[in-house]
Every structure is written in structure tokens, then in C-alpha cells.
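Listed below are the residues making up each chain.
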Amino acid sequence: MDTFAIGDRHFLLNGEPFRILSGAIHYFRVHPDLWEDRIRKARLMGLNTIETYVPWNEHSPAPGTFLVEEQLDLGRFLDLVAAEGMRAIVRPGPYICAEWDNGGLPAWLFSDPTVGVRSSEPGYLAAVGSYFDALLPLVVERQVTRGGPVILLQIENEYGAYGSDKAYLQYLVDLVKRHGVDIPLFTCDQPFGTMIEDGSLPELHKTATFGSRSLERLAFLRERQPTGPLMCAEFWNGWFDNWGTHHHTTDAAASAAELDSLLSAGASVNIYMFHGGTNFGFTNGANDKGIYEPTITSYDYDAPLSEDGHPTAKYFAFRDVIARHFPVPAEVPAARPLQPESVVTVRSTLPLLSVLDGFGSAPEVAGPVPTSEVTGQYRGFCLYECTLDRGGVLAFGEVRDRAQFFLDGLPLGTLSRELGERAIVIPSGGMLQVLVEDQGKVNYGPRIGESKGLIGPAALDGDELIGWQIRALDLEYLDFDGAGPFTALAAELDGSGGVAGPSLSFATFEADGPEDRYLRLDGWTKGNAYVNGFNLGRYWSRGPQRTLYVPGPLIRKGRNVLAILELQGSATCDVRFVSGPDLGPDEK
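Worth saying up front: this structure is predicted, and the values here are computed from it rather than measured. (Residues numbered from 1 in each chain as written. Predicted model: local features only at pLDDT ≥ 70, side-chain atom pairs only at ≥ 80, totals over all residues. Heavy atoms only, no water.)

Novice: Explain the nonpolar core to me, and be specific about the residues and the numbers.
Specialist: Of all hydrophobic cores here, the largest spans 110 residues; its most connected members are F4, I20, L47, W56, F77, Y124 and L262. Top contributing element to this core by residue count: helix α4 (residues 122-140), with ten residues. When neighbours within four sequence positions are excluded, W56 is seen to be in contact with P94, G104, L105, P106, W108, L109, Y124, A127, V128 and Y131. Core analysis: the second largest hydrophobic core is formed by 24 residues, V531, F534, Y539 and I564 among them. (Core = buried A, V, L, I, M, F, W, Y, C linked by side-chain atoms within 4.5 Å. Buried < 20%, exposed > 50% of the residue type's maximum accessible area, 1.4 Å probe, protein only. Helix = DSSP H or I, 4+ residues; strand = E, 2+ residues; numbered from the N terminus. Contact = heavy atoms within 4.5 Å.)

Below you can see the structure in the form of C-alpha cells.
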């Protein structure tokens, strides 16, 4: 078996100096049938290690559960890393940030207001203990000391930007050691102020996160850690995007020069991201630093390997830099092949509000409360209903995050958290229905863990409005095939004009077999798209993202089903499969 240790100046693999050349790939953002391809392309760029976060909320959607199937099969992912002859770094949180829904913390954790997250509060520590009880055996048996690929395990994640609870950090250290973790433990923090000291313990190896001024950042780290190997645990070579902004990019040559500077200084590196992947379904996070800003579906990150797994100019620039310092394989990945373009026409549709009974019961409450308190659903959509005896100005404490109002089935308007909107005019009495979308939970800062829905009180012309029903609309994954409960109720369309929203619309298309596709929805406004029941993620006409990536393994030979959840309405019944991704205008 191998050994891995922290030396005075180097990482030591079997006693010999070892430079970590790592790239981040989040297994949970990549279709599992494509893991092997992405890992191999990391090796071909010259990397020797793969790093990944572990999202607690995906593995444990409910207390006492721990899922490891399909896209969550961390053990298989690490085995594929080993099969490629590479090492692995695992970052299990419990908090991961990662522009991921709730920063990876389970939403159910916040149902108890006494739980103090990311601290030594007993209820939180008990929940973390259960999580690590299920997770760590998968990692321990794959440590380098037991013949596996894992060489490092992270404690927490940039904790110095959040707090300085040393008892909490010590609990995590003791917990992982009790489970048999015997590889080195490390922390990562931004090289500013006291973050590195606050986010770590003396016995833990400290690393930094940055994307520029490498020599200055490494010097800052060395001042706070006089011995041990220098490492940038997140070399930010790109950035993520929010709806309504541009597509963030960084100059390939400039990023490569920073990488060269870092490697020339003798440091180890983890490129964040090497391959970003996709926020499928409702998994995207959001920022809120005074303004709520949800993250787009693509997590391309302007990474060396694009969202759909093809090398970019940055890939080859980084490869050339690495080749100046270390041997690099002669083989290079192929460029993205041209894909034929085609038009698919929606042939049937049905109003979402007409099939509410298919989503189950609607419990009654006095006033509007967060969705999860009544339904136990923590993502996606819910519907609030109330019978009004008159009209007036209806105001709420807060809207989280986007609410569409209907009176007796007719649309009244939309309130957006992003714009700070909280009131709407109701013209008369009748059946009020409010479709509320959770656009992604905040992943960084004090608003992590907040509940979603209509936040009361609700007041009609100043009088509290009581007598509500709340219904969860489970639209995470749906069977939209011809025999499904929704398609059987859909009305046929003639292909001209568009579709009203909110609605579910359906089309079929033929394919020769599995192959990547890129779905473009020009003329559609906002919603989610599904292929063969798989939720590809959100689209929105405000951009910057213009296409949704369809991983090849989702496509079947022969007939395939496309479904579109359109919230507002479309100007067309057509969608297009195009030859490549379009993430919108780059940052200038």
C-alpha cells in the first residue's frame, strides 16, 4: 500500500516529493456515463489528481437517508479516478458552497430553529455525525493507504469566511479520524485578513483559494504556515453566471500565465473548475448580497473542459504550461464534432393549473407559510390558493422567489424577490391561485437555509387574509411518455402560434442513438425542459444562457420525448436542437 504525508516543503508519496496537479470535477454535475471521459481528459491535460465536493443535501434529501445510486455513486466515481491512474481529493463539507442549492446543506436541517449550522451546536453536530457515518466508509476504503486513490480530505470549506468555532472544527477532525481516515487533513481559505487562521487548526494543513496575484497569495499563506507544501486548493480560472448578466470569461493566456507563476513557485494546485458540468433540475444555488441573484443552469465556469466535455483554448494553454514543468501525455482530446441541427414542434399541451389533483392534496393553513412547513417539499414549485370575497391591494411579508398570480384562472401578474416586489392589485373577489417558484437557495452568506414560498402575513388592504391551501407540485423528475398521466390529458396543437403558461407541452423526436444535443428555446420565456423524463434544468429568455445541454446518454435510439414546463407563454411551438452550446455574450 502507498503512503501520503505532509513534509517540510513537499507532499510525500511513498516518501518521495509529489506535486499535486489537480482539477475539480463534481460527479453530481456530470452524467455518470460521462465520468470516465471527463477524468481521462483531465489526465491528458497533464493533471494527476481529481478533486470533488460531496453534496450532503443530494445524498440525504430526508433525515436518515443516504443515496448512492447513479449520479450520486461517489464510490464508482473514485474507482474510475483510480482506474485512470490518478489520485483523488475529497471535500465532504458538511458545507460546500459550490454555487449549489443551499451550499450543500440539507433543507430539512433548518426545520428545527434551534439547530445552529456550521457550529458546535449539539443538534447540528448530531446531524453531521449521521451524515459522516454513511459517507466516510466509502472514502476510507478508497484511501491511498488502503490501495485507493484518495490522498487528502478537507475539513469544512472556507470556514474562516464564516466563523471561528474551533470546537466545531475539532469535532470534525475527531469524527473523521474515528472513522479511520488516516490520510492528511487540510483546510482552504481565502488569503485575506484572519480567514486562514480562523478557518483551521494547528494540526491541519492550510491551503489558499485565489485566481490571481499568485506569488503574493502564496507569500501570504507562507507567512501563516512557515513549513509544509504550498497549495492553491481552488485556482479560480473562471467564474459562474447569474440570470440577467453576461457570461463570465477569463483570458486563457492570462490564466495560463498565473498558473505558470504558481507552478514555478513550487506550489501544488487544484484547478477550480477543470470541468464545471451542469446544475440539472432545481439544484442551482443563488447569491444574496442585498439583491437575490440565482445561478444559471450551466456551470461551464469558463473551465478548460467545457460544460459538454470538450477542450477549449484554455485547456491547451494550461496543457502547454504544465508541459513546461512536468511530462504530459502526447494524446490530446478531439474537438467538438458538428451536430446536425433540427426543429422539433410541440404537438400537445395542457394548462398546469388544470391537473392539480395529479399532484396530491392541498393542506389547509390559516395564513401563507413556507412551503416545506406544510408539504415537506424543499425544491421547485408550489401553489397557494385562497378564496377572496373582494378585491384590493394584496401584500406579503416577502416573496421567495417568484410568484405568478391568477384569479379564477386568469393571470394577474408576477411578483419577484429579485426586484423586492411584495404587493399586487387584485381586481375583485374569486379564487386566487399563486404559483411560487423556488429559484435556488442561497449558497453563501447569512441567508443560507432560509425557507421558500409566500412569507406571511398576507394582508388585503391592510386586513390579514386567512384561509389558505398549499399544494406541492413535484416537477423534479416526471414520466412524460405517451402513457403518462399528463400526456394523456394534453390537447393537440396545430403547430402555429405558441403555448400559454403555465403549461406542460410535449413533443417527440427520433434519434439514431446516444449523442450530445443542445436545446435552444428562442421564443419561449421561462421554465424547465425535460428529455425522457430527465429535468435538464431551467431556461429563461433573459439569458445569458441560450441553450440547455442534453447529455448523450439521455438520448435513446428511436423515439424520444421532450417536455417543456413553460411558466409565462411562448411565441412559438418550435424548439431547435443546435450544433453547440450558447452561453450568451462573454464578459467584456
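Novice: Just give me the short version of helix α1 (residues 35-44), but keep the residues and values in it.
Specialist: An α-helical segment advances 3.6 residues per turn. Residues three or four places apart therefore align on the same side. W35, R38, I39, K41, A42 and L44 are the residues of α1 that are buried. Backbone geometry just after α1 places G46 at a positive phi near 110°.

Novice: Which residues make up the pattern of salt bridges, and what are the values?
Specialist: Overall, the coordinates contain 40 salt bridges when judged by the stated rule. The closest approach of N and O atoms between E197 and R224, which form a salt bridge, is 3.4 Å. Taken together, the positions of E197 in helix α6 (residues 195-198) and R224 in helix α7 (residues 214-224) put the pair 27 residues apart, joining distant regions of the chain. Accessibility expressed as a relative area gives 34% for E197, which makes it partly exposed. A relative accessible area of 27% places R224 in the partly exposed class. With its nearest N and O atoms 2.8 Å apart, the salt bridge here joins R213 to E216. Linked through salt bridges whose partners overlap, the residues forming this network are D288, E398, R400, D401, R417, D438, K441, R447, E450 and K452. (Salt bridge = Lys/Arg side-chain N within 4 Å of Asp/Glu carboxyl O.)

Novice: Account for the pairing of strand β17 (residues 381-388), naming residues and giving values.
Specialist: Two faces, one strand: in a regular strand the side chains alternate between the faces of the sheet. Buried residues dominate β17, accounting for seven of its eight residues. Pairing of β17 with strand β23 (residues 430-437) involves eight bridges; the strand directions are antiparallel. Within β23, the residue paired with C386 across the bridge is L432. In the sheet, β17 pairs with strand β27 (residues 468-473) via six bridges, with the strands oriented antiparallel. Bridge pairing in β27 places C382 opposite A472. (Pairing = 2+ DSSP bridges.)

Novice: Summarise the sheet that holds strand β30 (residues 517-520); cite the residues concerned and give the values.
Specialist: Read across the sheet, four strands follow the order β14-β35-β30-β33 without closing on themselves; strand pairing throughout is antiparallel. Looking at which strands have only one partner, the edges of the open sheet turn out to be β14 (342-345) and β33 (547-550). The sheet shows a mean angle of 30° between the axes of neighbouring strands, taken without regard to direction. (Axes fitted to C-alpha atoms, helices over the stretch in contact; angles between N-to-C directions.)

Novice: So, helix α9 (residues 313-323): which residues are in play, and what are the values?
Specialist: Among the residues of α9, those classed as buried are K314, Y315, F318, R319, V321 and I322. The buried residues of α9 occupy one face: seen down the axis, they fall within an arc of 160°. If you follow the buried residues of α9, they end up packed against β4 (21-25), α1, β10 (231-236), α8 (252-264) and β11 (268-275). (Arc of directions from axis to C-beta.)

Novice: Can you break down the packing of aromatic side chains residue by residue, with the values?
Specialist: Two aromatic rings, taken as a pair, are described by how far apart their centres are and by the angle between their planes. Inspection of the entire model under this criterion finds 32 aromatic pairs. Here the aromatic rings of F28 and W100 are separated by 4.8 Å at their centres, their planes lie at 75°, and the arrangement is edge-to-face. Residue F28 is located in the loop between β4 and α1, and its partner W100 is located in the loop between β6 (87-91) and α4; the two are separated by 72 residues in the primary sequence. Taken individually, F28 and W100 each receive the classification buried, so the pair is uniform in this respect. Taken together, a centroid distance of 5.3 Å and an interplanar angle of 50° make the contact between Y299 and Y301 tilted. We note that Y299, like Y301, is buried. Across the ring face of F577, the terminal group of R517 is positioned such that the distance to the ring centre comes to 5.1 Å. (Phe/Tyr/Trp six-rings, centres within 6.5 Å; stacked < 30°, edge-to-face > 60°. Lys NZ or Arg CZ within 6 Å of the ring centre and 35° of its normal.)

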